[in-house]
Amino acid sequence: MTSASIDRDEVARFDALAARWWDERGPMAVLHKFNPVRVGYIRDEACRVFGRDPAAPFPLEGLSVIDIGCGGGVLSEPLARLGASVTGLDPAPGNVVAARAHAEAEGLAIDYRDETIEAVAARGERFDVVLAMEVVEHVADRAGFLRAACRTVKPGGLLFAATINRTMRSFALAIVGAEYVLRWLPRGTHDWEKFVTPRELAADIAAGGLTVTDTTGVVYNPLGDSWRASRDTGVNYMVTAHRPASAT
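Calculation notes
- Residues numbered from 1 in each chain as written.
- Predicted model: local features only at pLDDT ≥ 70, side-chain atom pairs only at ≥ 80, totals over all residues.
- Heavy atoms only, no water.
- Phe/Tyr/Trp six-rings, centres within 6.5 Å; stacked < 30°, edge-to-face > 60°.
- Helix = DSSP H or I, 4+ residues; strand = E, 2+ residues; numbered from the N terminus.
- Axes fitted to C-alpha atoms, helices over the stretch in contact; angles between N-to-C directions.
- Parallel < 35°, antiparallel > 145°, perpendicular 65-115°, else oblique.
- Left-handed = near helix turned anticlockwise from the far one by under 90°.
- Contact = heavy atoms within 4.5 Å.
- Nonpolar A, V, L, I, M, F, W, Y, C, P; charged D, E, K, R; others polar.
- Buried < 20%, exposed > 50% of the residue type's maximum accessible area, 1.4 Å probe, protein only.
- Pairing = 2+ DSSP bridges.
- Right-handed = clockwise from strand over helix to strand, strands pointing away.
- Lys, Arg positive; Asp, Glu negative; His and termini not counted.
- Salt bridge = Lys/Arg side-chain N within 4 Å of Asp/Glu carboxyl O.
- Polar contact = N/O pair within 3.5 Å; in protein donor to acceptor, adjacent residues only side chain to side chain.
- UniProt positions renumbered as here; feature names shortened; annotations may be inferred.

## Examining the packing of aromatic side chains
Counted by the stated rule, this structure contains three aromatic pairs. With a centroid separation of 5.4 Å and an interplanar angle of 80 degrees, the aromatic rings of Phe34 and Trp227 are classed as edge-to-face. With Phe34 in helix α2 (residues 29–50) and Trp227 in strand β7 (residues 226–230), the pair connects residues that are 193 residues apart, well separated along the chain. Members of the aromatic cluster, joined through ring pairs, are Phe34, Tyr220 and Trp227.

This is the structure we're talking about:
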């Protein structure tokens, strides 16, 4: 697999963890705890834009979603349960095998593919919702990656991204704290220089023809051992971007 955005060291690191994506006490434990916040954010923003009721049994029914860097399908599966038609992409073949096996065991029809978003964009495929969650900080060419992701958003569609702000606080918490002190994540999971500020992310998305319409922080509550949405974007944050319905 070749693409300017692929960082082969990053792919190998996550491929080595393929068998443990669904171990809620393993190296992906933080992701499992973080997942309800991002699922709720995607659901609510998508329902707002597409005129859906977030309390409905299947609020995303009829919407096509592509989850870039899907890993073992931790985000893809709950979105499929909300009614979305989900495609999951991951350049690590072990992740795709694990994701397919888990989805099959859960009775979920998810189109998992061992390919890049650049390949999808080159074929002209487009989706109502494009997800780049916890992946921007792991690519080799962020601007090129986001341009490709933006090309796959249908007119009137949405791009969601979640990443880590490049601040001294994020270095202290997301790297020193999470990887070396608390050992929530394997050492070397993140590179502080690849973290991206909300302004930089918005500029890259704008270059792809979309406009960021919301930026929401995510913070950890140590008392409840849980994550919640917040106005604090100093470490983790999520954005929603919209392509005008009149765009081609």
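There's plenty left to go through after this.
## Here's the deal with the packing of helix α6 (residues 142–151) against helix α8 (residues 198–207)
Following both chains from N to C, one finds α6 and α8 inclined at 50 degrees, their axes separated by 8 Å at the closest point. Taken together, α6 and α8 sit at an angle that is classed as oblique. The handedness of the crossing between α6 and α8 is right-handed. For the pair formed by α6 and α8, the contact residues are Arg142, Ala143, Leu146 and Cys150 on the first element and Glu200, Leu201, Asp204 and Ile205 on the second. Of the residues that constitute the contact of α6 with α8, the class distribution is five nonpolar, no polar and three charged.

## Comments concerning the pairing of strand β5 (residues 153–164)
The two faces of the sheet receive side chains in turn, since in a regular strand these alternate between them. With ten of twelve residues buried, β5 is to be regarded as a mostly interior element. Here strand β4 (residues 127–133) runs beside β5; their pairing, made up of six bridges, is parallel. Bridge assignment links Leu131 to a residue of β5, and that residue is Phe160. In this fold, β4 hands off to α6, which returns the chain to β5; that crossover is right-handed. One ladder, built from seven bridges, connects β5 with strand β8 (residues 236–242); its direction is antiparallel. Within β8, the position partnered with Thr163 by the bridge is Tyr237.

## Some points on the side chain of Glu137
Of note, Glu137 is situated in the loop between β4 and α6. Buried and unpaired, Glu137 has no salt bridge, with Arg38 as the nearest side chain of opposite charge at 8.7 Å. At a separation of 2.8 Å, a polar atom in the side chain of Glu137 contacts the side chain of Thr163.

## Looking at the sheet that holds β5
Sheet strands line up and pair through hydrogen bonds in the backbone, either parallel or antiparallel. Read from one edge to the other, the open sheet built from eight strands follows the order β3-β2-β1-β4-β5-β8-β6-β7, with strand pairing classed as mixed. Both edges of this open sheet fall to β3 (111–113) and β7, since each of them pairs with a single strand only. Recorded for the sheet is a direction-independent mean angle of 20 degrees between the axes of neighbouring strands. Examined bridge by bridge, strand β1 (residues 64–68) and β4 share three bridges and lie parallel to one another. The residue of β4 that forms the bridge with Ile66 is Val130. Here α6 sits on the sheet and contacts β1, β4 and β5; the angle it forms with β5, its principal contact strand, is near 145 degrees. Across the sheet, α8 lies against β5, β6 (211–221) and β8, angled at about 25 degrees from β8, the strand it touches most.

## Here's the deal with the UniProt feature "domain: Methyltransferase type" (unreviewed entry) in the protein chain
Those residues carrying the UniProt feature "domain: Methyltransferase type" (unreviewed entry) are residues 66–160 in this numbering. The annotated region residues 66–160 carries 38% helix and 27% strand content, and the separation between its end C-alpha atoms amounts to 10 Å.

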